[in-house]
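# Architecture and fold: a report
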Amino acid sequence: MKIYRTQAALAQGLAESRGSLGFVPTMGALHDGHLSLVRRAQEENDAVAVSIFVNPLQFGAREDLSKYPRTEEADLEKLEGLSVDHVFVGEVGDLYPEGFCTAVVIQGEVTQVLEGERRPGHFDGVCTVVAKLFHLFQPDRAYFGWKDFQQVCVLRRMVQDLGFPVELHACPIEREADGLAMSSRNRFLSGADRGLAARIHEALSQARKSVRHGQADVARLCASVKERLAGDFEVEYVEVRDELDFGRVESLDSHPGRARMLLVAKIGGVRLLDNLLLNPR
Ligand code: AMP
């Protein structure tokens, strides 16, 4: 496994790489969710590159960049365990040298609502760094998790609009044994809150079960998930969106196999994101 700490070293290392390249961008604090993307990339490519970079551009003024977990040594061990070919550990001064003032801004509803509305500028930061990383790595395929549903939709738009020659793949959400979606934020949950957090996936699964039993009223489904979580959680939003075009789903019948219920629920100050396909084929 080759480790690079500058763009220049990375470019040199990748120039010697042969065959197709799969790329997995991360912010480190790696867990099995990240590793599932790496495994998928390995299945579909000759070589795999992973980036670890806590991107300051995607943190808002009220979000604490310095609190983001940094576990570089353990991350590198995990990647070594999977025999990843190339790992880039990005540094702010190298990726954003003095004078850097470019931003990639995707306009439209996809960046304005839900996470975009609650975290102004977040997707500009994501798109700017991902565009920069795509130029650096020039991958054939790039892998992202459905865990960040809206991010997948935004990046798909960027790739299409700017014509990046990369195939974007969205991968399933990896979960803990009790259903909680794996996330670097889970470590901030207190013991009691960690126990309650499993109820998020339970509520989403219950909604999917209702759909299987014939419930097609989207407003009803969302209201019942909110009800289940109210009390223990502060539910920021529950919505159903089409996973192909991000359109708001009013009727499940018009979005066969593509209607995802998305939610954000806060507990003990920790913001937990999750989503589930309501009508899998
Ligand atoms: P992050 O390091 O949080 O920026 O995440 C890097 C990538 O891993 C993103 O594409 C995430 O969507 C993905 N990811 C995070 N958690 C999970 C999970 N539980 N299952 C699958 N992918 C995930």
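Note that this is a predicted model, so its numbers are computed, not measured. (Residues numbered from 1 in each chain as written. Predicted model: local features only at pLDDT ≥ 70, side-chain atom pairs only at ≥ 80, totals over all residues. Heavy atoms only, no water.)

## Notes on the sheet that holds strand S8 (residues 259-267)
Inclusion rule: At least two bridges found by DSSP between two strands is the condition for calling them paired. Helical segments are the DSSP runs of H or I of at least four residues, strand segments are the runs of E of at least two, and each set is numbered from the N terminus. Note on geometry: axes are C-alpha line fits, over the in-contact stretch for helices, and angles between N-to-C directions span 0 to 180 degrees. Note on contacts: a residue pair is in contact if any heavy atoms of the two residues lie within 4.5 Å.
Strands sit in the order S7-S8-S9 across an open sheet of 3 strands; the sheet is antiparallel. Looking at the sheet topology across the chains shown, the edges are occupied by strand S7 (234-242) and strand S9 (270-277). Mean inter-strand twist for the sheet, computed between neighbouring axes without regard to direction, equals 15°. Pairing geometry for S8 and S9, over 8 bridges, is antiparallel. When the bridges of S9 are listed, Val 264 appears paired with Leu 273. Where helix H10 (residues 218-229) meets the sheet, it contacts S7 and S8, and its direction lies at approximately 155° from that of S7.

## Here we look at the domain arrangement of the protein
Basically, it comes down to this: What marks off one domain from the next here is an automatic or database domain assignment. Once two parts are brought into contact, the accessible area they lose, counted with a 1.4 Å probe and summed over both, makes up the buried area. Each salt bridge in this description consists of a side-chain nitrogen of Lys or Arg and a carboxyl oxygen of Asp or Glu lying within 4 Å of one another. The term polar contact refers here to a pair of N or O atoms within 3.5 Å; inside protein, the definition further demands a hydrogen-donor-capable atom paired with an acceptor-capable atom, and it admits residues adjacent in sequence only when both atoms are side-chain atoms. Each residue is assigned to one of three groups, with Ala, Val, Leu, Ile, Met, Phe, Trp, Tyr, Cys and Pro labelled nonpolar, Asp, Glu, Lys and Arg labelled charged, and all others, Gly among them, labelled polar.
Partitioning the protein into structural domains gives domain 1 (2-171) and domain 2 (184-276). For domain 1 versus domain 2, the distance between C-alpha centres works out to 26 Å. Taken over both partners, the interface formed by domain 1 and domain 2 buries close to 1,700 Å², and the fraction arising from carbon and sulfur atoms is 56%. In this assembly, domain 1 and domain 2 are joined by 3 salt bridges. Notably, a salt bridge pairs Glu 115 with Arg 271, separated by 2.9 Å at the nearest N-O pair. Remark: the boundary between domain 1 and domain 2 carries 9 residue pairs in polar contact (both at pLDDT 80 or more). Within the residue set of the side of domain 1 that touches domain 2, elements represented by two or more residues are helix H5 (109-112), helix H6 (115-118) and helix H8 (149-162). Broken down by element, the residue count for the side of domain 1 that touches domain 2 peaks at 4 residues, all from H8. Class assignment of the residues belonging to the side of domain 1 that touches domain 2 gives a composition of 9 nonpolar, 3 polar and 8 charged.

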